[in-house]
Amino acid sequence: MMKRFAARITFRSSAWVALLALATLAGCKQNAPPVPGLKATAAGTAIVESSGGHQVGVTGTALSDPLVVQVNDDQGTAVPGALVEFHGPAGVSFDPAAMITDSSGQATTSVTLGSIAGRYQLSAVTPGKSRPVTLDIVATALGYQQRLGSILADKHCNRCHDPESSPQRVSNYDNLEVKPHPFTEGNTLNKMSDADLTSIILHGGPALNRSALMPSYGNTLSAADVRALIAYTRAVADPPYQPAGTVYARK
Amino acid sequence: MQFMKKFLSSAWQALFGDPVRAFGVVSLGLLLALAIAPAKEHFSQWHGYQRRYLTLIRDRGDAVSLRRRFVPGIHQIWLPDLGVVDRCTTCHLGLNEASLSDVSQQPFRKHPAIPHTLDGFGCVICHGGQGAATTVAEAHHSERAGEEPILPPRYIESGCGQCHQNALPGTPQLNLGRTMLTRYGCVHCHAITLPDGSKVVATDHPPSLAHIADKTTREWIYSWLKDPQAFAASTTMPNYKLSDADASDISAYLVSASTPQAGDAAAAGVQSVAHADPSAGPSLYGESFCSSCHAVQNAAGNLVGGDVGPELTRIGNKVRPQWLTAWLENPRIYDATTPMPHYRFTAQQIVTLAGYLQGKSDSDYGASVHLDTADGRQIAHGRKLIVELGCAACHEINGVQKPENFAPELSTIGSKPLAQIVFLPGMEHTMSSYIVAKIREPRAFGASVKMPQFALTASQTDALTTALLALTNRSRTMPDKLRVAAIPETNYQPAGHAGKLIDELACFSCHRFNGRGGDMAPDLSWEGSAVERQWLTDFLHNPNTLRPSLIRRMPRFNLSESDNKELTDYILTVYQSPSIDPELAPTAANSPEIVEHGRQLFYSKYACQACHIIDTKTDKGYIGPTLTQVGSRLTAAWVYAWLRNPQALRPGTTEPNQNLSDDDARALTAFLMSLKGPAGRGAKQ
């Protein structure tokens, strides 16, 4: 009986060893070609963004425009047939996550952002000739409050604050003698405290010794609306807004 | 066996042979048994998370205050009114900690800012999942009967929709989904009763097919049925994926059942006009602002224009010339409830516009369609198909009754138990993925599924799914005080001859009066208090745009003198605001000093020129209406009341309420009323 028991144990350990070996092999295999079924026929030396960078979306949803990157060679001409992989932090998904560049050297993917609001650092990687080349792309996901802010900004602010015109909304930016700051202008807005921004929204430009062309919104917007607007400007600021955070003395 | 027996008896002897030793062993056993419960708690999943939380906050600057607010053990939010028993905060410990917003490690992150408190509503109301569970797997992913895995964040707005039946500014996806439920005609087949007992009513206008043969040919109907989007990319008509024979039979029945409509033969006056000037067509189309409601595909393939009426890209392929002229002359003869205005075009204009529209055609469209005359059997088969597919749920069809409750009711679709759903192989077992799959490709669930294929984008499908997921059992059982009702459209109907004119001109298609009508143009409920008679008369005769930045404009109707007067009188008498007292307003006799003071306020203190133009040479702002002749357009009483509080007169207007003092408002009114337009422009310099 003991013998049988021993035999069983040895069988088990050998099985474990075999399993381990298989798992390692499988792991190695997974590492070798990143995506099965994709065969790169060419390799570039540079990767550039064609469109779809710096988009602002909503948490958990797909960005409205696809992300398009282009693989180039030394001369800057597009390389068709090169492998491009898209990477992002946990929660971000790409459809497709890896692909071969088309005849114009471009790879297009649709990006779905994660469920946490904030800035997402995405990257597109192509193996390159000697070493992998990486392109960093930034996308911003708005949470409930920030998106409410973006909706309010569209209604009350962007007609003047956004210099971009579209057929649906012609910008008034160029008509103003004193130019307003676009909300993405982090260099200026990041220096202003939340209290200052609240003050200028509630009481208008003169409250901070600025132009009266900025009217007062204190009787039009609620306190929650103003908080949402500030949260939105903070979310889309470029360079990114770094809050001072709560600082406590330790011990 | 012998060996075992020997071993056991010696073990027994060793443990219990001596009474003292036996007592010790039993005590030890009891002690171990008592330790099971604390050990189980110690090694439980949530306890592990609480220990990790304490490690996380230990090194932070505000560790002391975080530690003070930390309560060990299982936490629970119990809200009997809502049926909420949520223990999520046992592990999600940082939800209310403002200083943890930089933590990306779940489950300790701060909850993003929302208008509700955690203690007031709990978690599962919005997020789904099993609130009472204390393990990760059971709380988030359980798929047992009656349980629902956590809701993907992209549909989170459905949580808001359980209480908020009104359109919230912060839930665009839910609002879009709800609009689509009515606009895409979902509720023609699927009944939806809201928690307050009201029914969701469709807002689309599926045309009656009772006189379809007057309007178009059988070949066009056939091509349309085969692929509606091939004719008009923006149409809400779904694709029924009909076979050639079925489409042919249905078209045969529709044509054979159609009765001629008196008046569809073109009017005599129109026929007498020999030829239309081809170049006048596009300009008449533009002047009449057809594009405010109708879209046309441009060369780049983009749709340009509104979506109130059908797309006109290939309209020449569809309509019969006689029908088109009759329709342009008076659309209400063919369709009494159409949103299209009765333009009162002249015979010359009708011929010009009809010729222009006939030219909007695609010679390739339907070129290969040749249908043989249908026999009785085929026509009968066509009728059978129409009944089976429920065409009459949307369209009026001669000889076919409108079916009641044609498709399953969706009033509580968001809470349908997963056990009752047949999922496709490989599909995620959640309600949201089921609804998305069903909308995206209904026929994938079986060839016998009658639901047609809609042409929707991914974001439209998500919006529709969000609106459907909001229809839960909880939305019906929750206390009434939590419910925020939608403001239903009134059935306001203006009276008399003017009321008939307002109907004929389809003012309601764009304007809102007393809680009924569209939102393309301003709300006119209080227009009578706002405008001067002469301006209104002139505007109805020949509308000009008030805002340089607007694309859509009021069309020009060929109103007769008497109709114009009738309408002006009615608007000025009936649409009066009770809050505006004409006596209270500053009178026209304003001293030049006050006018000058008003000008200074306008240009310096309030900087109104940012949005309004007064002097076309220097001012450029074009968000608000141009004010060059505001003194002859608006009444002083309205201007004064508007300056004091614009939102009180038109909720949601973009003009900010600047909280003007009475003196400032009076001075500004005096200044604005001095701007009488071209004749009075001298007043400025």
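Residues numbered from 1 in each chain as written. Chains lettered and ligands numbered in written order. Predicted model: local features only at pLDDT ≥ 70, side-chain atom pairs only at ≥ 80, totals over all residues. Heavy atoms only, no water.

Enquirer: Help me understand the overall build of chain A, please; the structure alone is not making it clear to me.
Expert: Helix and strand counts for chain A stand at five helices and nine strands. When its helices and strands are written in sequence order, chain A yields α-β-β-β-β-β-β-β-β-β-α-α-α-α. Per-residue burial for chain A yields a buried fraction of 41% across its 251 residues. For chain A, contacts bridging at least 24 residues in sequence account for 56% of all contacts bridging at least 6. In the form shown here, chain A has an accessible surface area of approximately 14,200 Å², with 57% of it arising from carbon and sulfur atoms. (Helix = DSSP H or I, 4+ residues; strand = E, 2+ residues; numbered from the N terminus. Buried < 20%, exposed > 50% of the residue type's maximum accessible area, 1.4 Å probe, protein only. Contact = heavy atoms within 4.5 Å. Areas by Shrake-Rupley, 256 points an atom, 1.4 Å probe, with all protein chains shown as cover.)

Enquirer: Would you mind showing me how to read the overall build of chain B here?
Expert: If you tally the helices and strands in chain B, you get 33 helices and six strands. Principal axes of the C-alpha set define a box for chain B whose edges measure 125 × 85 × 45 Å. Taken across its 685 residues, chain B has 47% of its residues classed as buried. For chain B, contacts bridging at least 24 residues in sequence account for 62% of all contacts bridging at least 6. Of the roughly 34,900 Å² of accessible surface on chain B, a fraction of 58% belongs to carbon and sulfur atoms. Of the side chains in chain B, 62 bear a positive and 63 a negative charge, and the two mean positions are spaced by 8 Å. (Lys, Arg positive; Asp, Glu negative; His and termini not counted. Charge placed at Lys NZ, Arg CZ, Asp CG, Glu CD.)

Enquirer: Please clarify how the interface of chain B and chain A should be interpreted in this entry.
Expert: Quite often, the size of an interface is put as the accessible area lost when its parts meet. Taken together, the contact pairs 40 residues of chain B with 33 residues of chain A. Of the roughly 3,000 Å² buried between chain B and chain A on both sides combined, carbon and sulfur atoms contribute 56%. It is B:Arg154, B:Tyr622 and B:Ile623 that lose the most area in chain B upon contact with chain A, and together they represent 16% of the buried surface on that side. Viewed at the interface, chain A and chain B are joined by one salt bridge. Taking the shortest distance from any N to any O, the salt bridge between A:Arg147 and B:Glu157 comes out at 2.1 Å. Taken together, the links from chain B to chain A amount to eight residue pairs in polar contact (both at pLDDT 80 or more). At the level of elements, helix H9 (172-183) and helix H29 (592-605) of chain B are the ones that each hand at least two residues to the side of chain B that touches chain A. (Buried area = accessible area lost by both parts, 1.4 Å probe. Salt bridge = Lys/Arg side-chain N within 4 Å of Asp/Glu carboxyl O. Polar contact = N/O pair within 3.5 Å; in protein donor to acceptor, adjacent residues only side chain to side chain.)

Enquirer: It is not clear to me how the packing of aromatic side chains should be interpreted in this structure. Could you clarify?
Expert: In this description, a pair of aromatic rings is defined by centroid distance and the angle of the planes. Residues and elements named next belong to chain B. In the structure shown here, the tally under the stated rule is 26 aromatic pairs over all chains. Between Trp220 and Phe231, the aromatic rings sit 5.2 Å apart at their centres with planes inclined by 80°, giving edge-to-face as the arrangement. With a gap of 11 residues between them, Trp220 in helix H12 (residues 218-226) and Phe231 in helix H13 (residues 228-231) connect regions that are remote in the sequence. Here Trp220 matches Phe231 in class, with each residue buried. Taking 5.4 Å as the distance between ring centres and 50° as the angle between the ring planes, the aromatic pair formed by Tyr343 and Phe557 counts as tilted. Here Phe557 lies in the loop between helix H27 (533-541) and helix H28 (561-574) and Tyr343 lies in the loop between helix H19 (331-334) and helix H20 (347-358), a separation of 214 residues in the sequence. These aromatic residues form a ring-pair network of at least three members: Tyr492, Phe508, Phe513, Tyr570 and Tyr575. One residue, Lys360, lies across the ring of Tyr285, its end atom 5.7 Å from the ring centre. (Phe/Tyr/Trp six-rings, centres within 6.5 Å; stacked < 30°, edge-to-face > 60°. Lys NZ or Arg CZ within 6 Å of the ring centre and 35° of its normal.)

Enquirer: I would appreciate a short explanation of the pattern of salt bridges in the present structure.
Expert: Pairing of side chains with opposite charge becomes possible as their charged atoms draw close. All names here are of chain B. The tally for this structure, following the rule as stated, stands at 21 salt bridges over all chains. We note a salt bridge from Lys226 to Asp244, for which the minimum N-O separation is 2.6 Å. Within this pair, whereas Lys226 is found in helix H12, its partner Asp244 is found in helix H14 (residues 244-257), the two being separated by 18 residues in sequence. Given the relative accessible area of 27%, Lys226 is considered partly exposed. The exposure class assigned to Asp244 is partly exposed, which follows from its relative accessible area of 46%. Among the charged side chains, a network of salt bridges with common partners joins Arg344, Lys500, Glu504 and Asp563.

Enquirer: Can you walk me through the domain arrangement of chain B in this structure?
Expert: Annotation of chain B at the domain level lists domain 1 (2-42), domain 2 (53-150), domain 3 (161-203 + 406-482), domain 4 (212-380), domain 5 (496-574) and domain 6 (592-683). Measuring from the centre of the C-alpha atoms in domain 1 of chain B to the corresponding centre in domain 4 of chain B gives 93 Å. (Domains from an automatic or database assignment.)

Enquirer: So what exactly am I meant to see when it comes to the environment of B:Tyr240 here?
Expert: Residues and elements named next belong to chain B. Position of Tyr240 relative to the elements: it lies in the loop between H13 and H14. Tyr240 sits in the buried class, given a relative accessible area of 15%. Residues Tyr240 and Lys450, spaced 210 residues apart in sequence, show a C-alpha to C-alpha distance of 8.1 Å. Ignoring anything within four residues of it in the chain, the contact list for Tyr240 reads Leu389, Arg443, Lys450 and Pro452.

Enquirer: Explain H28(B) here, please?
Expert: Given 3.6 residues per turn, any residue in an α-helix points the same way as the ones three and four places further on. Residue and element names in this part refer to chain B. The end-to-end C-alpha distance of H28, which contains 14 residues, comes to 20 Å, matching closely the 20 Å that a straight helix rising 1.5 Å per residue would cover. Along H28, the residues that are buried comprise Asp563, Asn564, Leu567, Thr568, Tyr570, Ile571 and Leu572. Against the buried residues of H28 lie helix H25 (496-504), helix H26 (527-530) and H27. (Expected span 1.5 Å × (residues − 1).)

Enquirer: What's the story with the environment of B:Asp662 in this structure? I'm lost.
Expert: All names here are of chain B. Following the sequence through the fold, Asp662 ends up in helix H33 (residues 662-673). You can call Asp662 partly exposed: its relative accessible area is 30%. Separated by 346 residues in the primary sequence, Asp662 and Gly316 have C-alpha atoms spaced 59 Å apart. If we skip the residues at most four places from it in the chain, Asp662 touches Tyr640 and Arg644.

Enquirer: Looking at this model, I keep getting lost on the nonpolar core. Mind explaining?
Expert: With 69 residues, the main nonpolar core has B:Leu328, B:Leu357, B:Leu567, B:Phe602 and B:Leu672 as its most contacted residues. When neighbours within four sequence positions are excluded, B:Phe602 is seen to be in contact with B:Ala607, B:Cys608, B:Gln609, B:His612, B:Ile614, B:Leu627, B:Leu668, B:Phe671 and B:Leu672. (Core = buried A, V, L, I, M, F, W, Y, C linked by side-chain atoms within 4.5 Å.)

Enquirer: Looking at this structure, how should I read helix H23 (residues 458-469) of chain B?
Expert: All names here are of chain B. The end-to-end C-alpha distance of H23, which contains 12 residues, comes to 16 Å, matching closely the 16 Å that a straight helix rising 1.5 Å per residue would cover. Within H23, 10 of the 12 residues are buried, leaving the element largely enclosed by the surrounding structure. Residues of H23 that are buried include every one of Gln460, Thr461, Asp462, Ala463, Leu464, Thr465, Thr466, Ala467, Leu468 and Leu469, and no others. For H23, the secondary structure elements touched by its buried residues are helix H8 (157-163), H9 and helix H22 (431-440).

Enquirer: So what exactly am I meant to see when it comes to the sheet that holds strand E4 (residues 83-87) of chain A here?
Expert: Paired through their backbone hydrogen bonds, the strands of a sheet run either parallel or antiparallel. All names here are of chain A. Taken together, five strands build an open sheet; the order of strands is E2-E9-E8-E4-E6 and the sheet is mixed. In this open sheet, the two strands that pair with only one neighbour each are strand E2 (55-58) and strand E6 (98-100). Shown here is a sheet whose adjacent strand axes are inclined to one another by a mean of 30°, direction ignored. Bridging between E4 and strand E8 (residues 118-126) involves three bridges; their strand directions are antiparallel. Looking at E8, one finds that Phe86 is bridged to Ala124. Sitting on the sheet, helix H5 (residues 223-236) is in contact with E2, E8 and strand E9 (133-142), with an inclination near 180° to E9. (Pairing = 2+ DSSP bridges. Axes fitted to C-alpha atoms, helices over the stretch in contact; angles between N-to-C directions.)

Enquirer: What's the story with unusual backbone geometry in this structure? I'm lost.
Expert: Glycine aside, residues mostly have negative phi, and peptide bonds are mostly found in the trans state. Put simply, A:Asp238 and A:Pro239 share a cis peptide bond, and its omega is 0°. Mapped onto the elements, A:Pro239 comes out in the segment after H5. Following B:Gln106, the chain continues to B:Pro107 via a peptide bond in cis, the omega torsion being 10°. With respect to the helices and strands, B:Pro107 occurs in the loop between strand E2 (84-86) and helix H5 (118-121). If you check the backbone angles, A:Asn209 has positive phi at about 60° while not being a glycine. With respect to the helices, strands and loops of the structure, A:Asn209 is situated in the loop between helix H4 (194-203) and H5. Notably, B:Asn514 is not glycine yet its phi reads approximately 45°, a positive angle. Here B:Asn514 is to be found in the loop between strand E5 (512-513) and strand E6 (516-517).

Enquirer: Would you mind going over the environment of B:Arg512 with me for this structure?
Expert: All names here are of chain B. Looking at the secondary structure, you find Arg512 in strand E5. Arg512 sits in the partly exposed class, given a relative accessible area of 27%. The spatial distance from the C-alpha of Arg512 to the C-alpha of Glu441 is 37 Å, given a sequence separation of 71 residues. Dropping the residues within four chain positions of it, Arg512 is found in contact with Glu489, Gly517, Gly518, Pro522, Asp523, Leu524 and Ser525. Among the polar contacts listed, one links the side chain of Arg512 to the side chain of Glu489, at a separation of 3.3 Å.

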